[in-house]
Amino acid sequence: FSNGMGAAICSGSMLSQTWVLSATHCFAMDEIGGYQVVGYGVQIGDAGSERIVEGNGVSIAPGLALSNGRLFNDAALLRLAEPAGVGTLPVLGSRDPLVGETGFVYGYGLRRTGSNATDGNDFEKLEGGEMEIANVTPNHIFTVYSGSGVNVCNGDSGGPIVVDVNGEPAIAGVVSMGSVEGCQEGDVTTFTNLQVPAVFNWITDTVPGVGVK
């Protein structure tokens, strides 16, 4: 995602050619880097070769709340002004995500532990990898970064955790927040669990023809 000045702030997943799934907190900022937010759009492609598709509406998941330092139902949908012309992903609807199963995470956030957005190519480049699901509750999915392999970090908010359903990908959750500054060893990532009935029904009611696996 980007704000009206072209500054990338979050990641997201295409559910259809005109609807993008992300996190509510990605749309809660009045200004970024001293620039007023005047609108939102989707940056498609890595920095330097990207194109921007403007948004023309945001829908917020019902039941957003903050309790015990954790966000609940932290999910949002951005409607695009024109078709994005890229691939889409379905949401998980046939089962719950499972503790111990592999989740695939993707995003445009920071790439190195403890790094920041001034590291040039370290930011706004799509990366992905595998993380084991450590815990699942009715509202959240959790992963823990052991210090090796991959982790999600700043700029990955709103991006997906994808699971395998009979050989097909499905979005199980949305990156909401981490627990360790710099996304270093011991970091626990909280994902909004899309199996929350209010969230799942909101997605399927809002996005015409959204895929469900």
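This one's a predicted model, so the numbers in the text were calculated from it and none came from an experiment.

## A word on the overall build of the chain
A tally of regular secondary structure across the chain gives one helix and 16 strands. Partitioning the contacts of the chain with sequence separation of at least 6, the portion at a separation of at least 24 is 64%. Of the roughly 9800 Å² of accessible surface on the chain, a fraction of 48% belongs to carbon and sulfur atoms.

## Considering the environment of glutamate 132
In this fold, glutamate 132 is placed in strand E12 (residues 127-136). With a relative accessible area of 57%, glutamate 132 lands in the exposed category. If near-sequence neighbours (up to four positions away) are discounted, glutamate 132 is found in contact with Gly100, Glu101, Phe142 and Thr143.

## Notes on the side chain of asparagine 193
In this structure, asparagine 193 sits in strand E16 (residues 188-193). Apart from residues lying up to four places away in sequence, asparagine 193 is in contact with Pro97, Val136, Thr137, Pro138, Asn139, His140, Ile141 and Ala172.

## Re helix H1 (residues 197-206)
Within the sequence span of H1, burial applies to Val199, Phe200, Trp202 and Ile203. Relative to the axis of H1, the buried residues are bounded by an arc of 160° and lie together on one face. More than 90 degrees from the buried face of H1, the exposed residues found are Pro197 and Asp205. The secondary structure elements touched by the buried residues of H1 are strand E3 (19-22), strand E7 (51-60) and strand E10 (76-80).

## Considering the pairing of strand E15 (residues 168-177)
Most of E15 is tucked away, with seven of its ten residues classed as buried. Where strand E14 (residues 160-165) meets E15, six bridges bridge the pair, whose relative direction is antiparallel. Bridging from a neighbouring strand, valine 165 pairs with glutamate 168 of E15. Where E14 folds back onto E15 in an antiparallel hairpin, the turn is made up of two residues, including asparagine 166, whose phi is positive at roughly 55°. The pairing of E15 with E16 spans four bridges and is antiparallel. Counted as the bridge partner of valine 174 is threonine 192 from E16.

## Considering the nonpolar core
Note on soluble globular proteins: their nonpolar side chains tend to be buried together. Judged by nonpolar contacts, the single largest core of 34 residues is most densely connected at Leu15, Leu21, Leu80, Leu194, Val199 and Ile203. Within the residue set of this core, elements represented by two or more residues are E3, strand E6 (40-44), E10, E15 and H1. Once residues within four sequence positions are removed from consideration, isoleucine 203 is found in contact with Leu15, Leu21, Leu77, Val91, Leu194 and Val210. If you look at the next biggest cluster of nonpolar residues, it comprises 13 residues, including Ile133, Val152, Val165 and Ala172.

Rules of the game
- Residues numbered from 1 in each chain as written.
- Predicted model: local features only at pLDDT ≥ 70, side-chain atom pairs only at ≥ 80, totals over all residues.
- Heavy atoms only, no water.
- Helix = DSSP H or I, 4+ residues; strand = E, 2+ residues; numbered from the N terminus.
- Contact = heavy atoms within 4.5 Å.
- Areas by Shrake-Rupley, 256 points an atom, 1.4 Å probe, with all protein chains shown as cover.
- Buried < 20%, exposed > 50% of the residue type's maximum accessible area, 1.4 Å probe, protein only.
- Arc of directions from axis to C-beta.
- Pairing = 2+ DSSP bridges.
- Core = buried A, V, L, I, M, F, W, Y, C linked by side-chain atoms within 4.5 Å.

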